[in-house]
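# Chains, contacts and geometry: an overview
The chain contents come next:
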Amino acid sequence: MLLEEIIKEIAICRACDIWEHYKINVPPEGNWTARLMFVGRDPGREEIEQGRPFVGQAGRKLDALLKSLGIDRKAVFISNLVKCRPLNNIAPPFARAKFCADRFLKREIEVVSPKVIVCLGAEAARYLTGQVGVMSRIRGSVYKYGEIPVIPTWHPSYLVRLEKMDPEAYADRAWEMYYDVEKALNMADEE
Ligand code: SF4
């Protein structure tokens, strides 16, 4: 399967009505042979403006975390369950997110074949691990998507919101996310 084909298909996909809201599809990006893959829920406002995933506040938070672990963003692969932005950033029903992920994310994972996947937030964790639960319970644990280890952690957009509302809780969650990604990185290096 040509990787470019997936990107081209994403760009012209109109298969569901999520596209109707903002009329732009945001493809994944990064290293197609990455050992580590990150999966979020859907693109935000800045992502649809730039047509790239994780380039807004949450993306900058993720970039800073990667940098603190000595990882170049270009070395990893970054994607979302859903390639179009839901209206007003309201999470689409899981079946709708799954519809998009089955069309694209599933094939991206087959092509990239990462050593470890990090789920950013509950929706990605539900799709890739089947776990439906609060992130505080499942984060940092190792699940499997096929043969690929999957580690759920906080979505960086949650950390962005928490930093303003509750700096103390933010410090705890930020450390947890650091720990989870470091764990994923170490596992990817071992595989
Ligand atoms: S959300 Fe996914 S399935 Fe729906 S139009 Fe966008 S790319 Fe296609």
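The paragraphs below set out a description of the structure included in this document. None of these values were measured; they are calculated from a predicted model.

## Considering the overall build of the protein
When its secondary structure is counted, the protein shows ten helices and six strands. In summary, the protein has a C-alpha radius of gyration of 15 Å against a globular reference of 16 Å for 191 residues, a match within 12%. Based on the C-alpha atoms only, the size of the protein along its principal axes is roughly 40 × 40 × 30 Å. Across the 191 residues in the protein, those meeting the buried criterion constitute 39%.

## Brief notes about the packing of helix α9 (residues 156-165) against helix α10 (residues 167-190)
One way to put it is that α9 packs onto α10 with a least axis distance of 7 Å and a crossing angle of 155°. With respect to α10, the element α9 is oriented roughly antiparallel. In the crossing of α9 with α10, the sense of the turn from one axis to the other is left-handed. On α10, the residues touching L159, L162 and E163 of α9 are P167, A169, Y170, R173, A174 and M177.

## Looking at the site of the ligand
In the vicinity of the ligand lie 14 residues, with C13, C16, W19, C84 and C100 positioned nearest. The element contributing the most residues to the shell around the ligand is helix α5 (residues 94-103), with three residues. Class assignment of the residues belonging to the shell around the ligand gives a composition of ten nonpolar, one polar and three charged.

## Some remarks on the pairing of strand β3 (residues 77-80)
Because side chains alternate across β3, one face comprises the buried residues F77 and S79, and the other comprises I78 and N80, equally buried. The pairing of strand β1 (residues 29-30) with β3 spans two bridges and is antiparallel. By the bridge assignment, G30 is partnered in β3 with F77. Bridge count for strand β2 (residues 36-40) against β3 is four bridges, and the pairing is parallel. Note that in β3 the partner of F38 across the bridge is I78.

## A few points about the nonpolar core
One finds V39, L81, V118 and C119 to be the most contacted residues of the largest nonpolar core, which totals 44 residues. If near-sequence neighbours (up to four positions away) are discounted, V39 is found in contact with S79, N80, L81, L105, I117, C119, L120, A124 and L128.

## Let's talk about α5
Within α5, burial applies to A97, C100 and A101. Axial view of α5: buried residues confined to an arc of 100°, hence all on one face. Of the residues in α5, the exposed ones pointing more than 90 degrees away from the buried face are A95 and D102. Buried residues along α5 sit in contact with α6 (105-112) and α7 (122-129).

## Here's the deal with unusual backbone geometry
A positive phi angle, close to 55°, is found at N88, a residue other than glycine. With respect to the helices and strands, the residue N88 is situated in the loop between β3 and α5. On the neighbour-count criterion, N88 (6 C-beta atoms within 10 Å) is exposed. Unlike most non-glycine residues, N89 shows phi in positive territory, near 65°. With respect to the helices and strands, the residue N89 is situated in the loop between β3 and α5.

About the criteria used
- Sequence order sets the numbering: in each chain, residues are counted from 1 along the sequence as written.
- Per-residue local features are limited, in this predicted model, to residues with pLDDT of at least 70; the limit for side-chain atom pairs, both in listing and counting, is 80 or more; totals at the level of whole chains, interfaces and linings are taken over all residues.
- The way it works is that DSSP assigns letters per residue, a run of H or I at least four long becomes a helix, a run of E at least two long becomes a strand, and they are numbered from the N terminus.
- Note on method: radius of gyration uses C-alpha positions; expected globular size equals 2.2 Å times residues raised to 0.38.
- With C-beta atoms placed from the backbone, a residue is labelled by how many other C-beta atoms lie within 10 Å of its own: buried for 20 or more, exposed for 12 or fewer, partly exposed between the two.
- Each axis is a line fitted through C-alpha atoms, taken for helices only over the stretch in contact, and angles between the N-to-C directions span 0 to 180 degrees.
- By the definition adopted for this analysis, an angle is roughly parallel if under 35 degrees, roughly antiparallel if over 145, roughly perpendicular if from 65 to 115, and oblique otherwise.
- By definition, turning the near helix anticlockwise from the far helix through less than a right angle yields a left-handed crossing, and turning it clockwise yields a right-handed one.
- Here, residues touch in the contact sense if the C-beta positions derived from the backbone fall within 7 Å of one another.
- Each residue receives a C-beta atom placed from its backbone. It is near a molecule or strand if this atom lies within 6 Å of it.
- Three categories are distinguished: nonpolar for Ala, Val, Leu, Ile, Met, Phe, Trp, Tyr, Cys and Pro, charged for Asp, Glu, Lys and Arg, and polar for the others, with Gly belonging to the last.
- Strand pairing is assigned whenever DSSP identifies at least 2 bridges connecting the two strands.
- Joined through C-beta atoms within 7 Å, a set of buried Ala, Val, Leu, Ile, Met, Phe, Trp, Tyr and Cys residues constitutes a nonpolar core.
- It is the directions from the helix axis to the C-beta atoms that the arc portrays.

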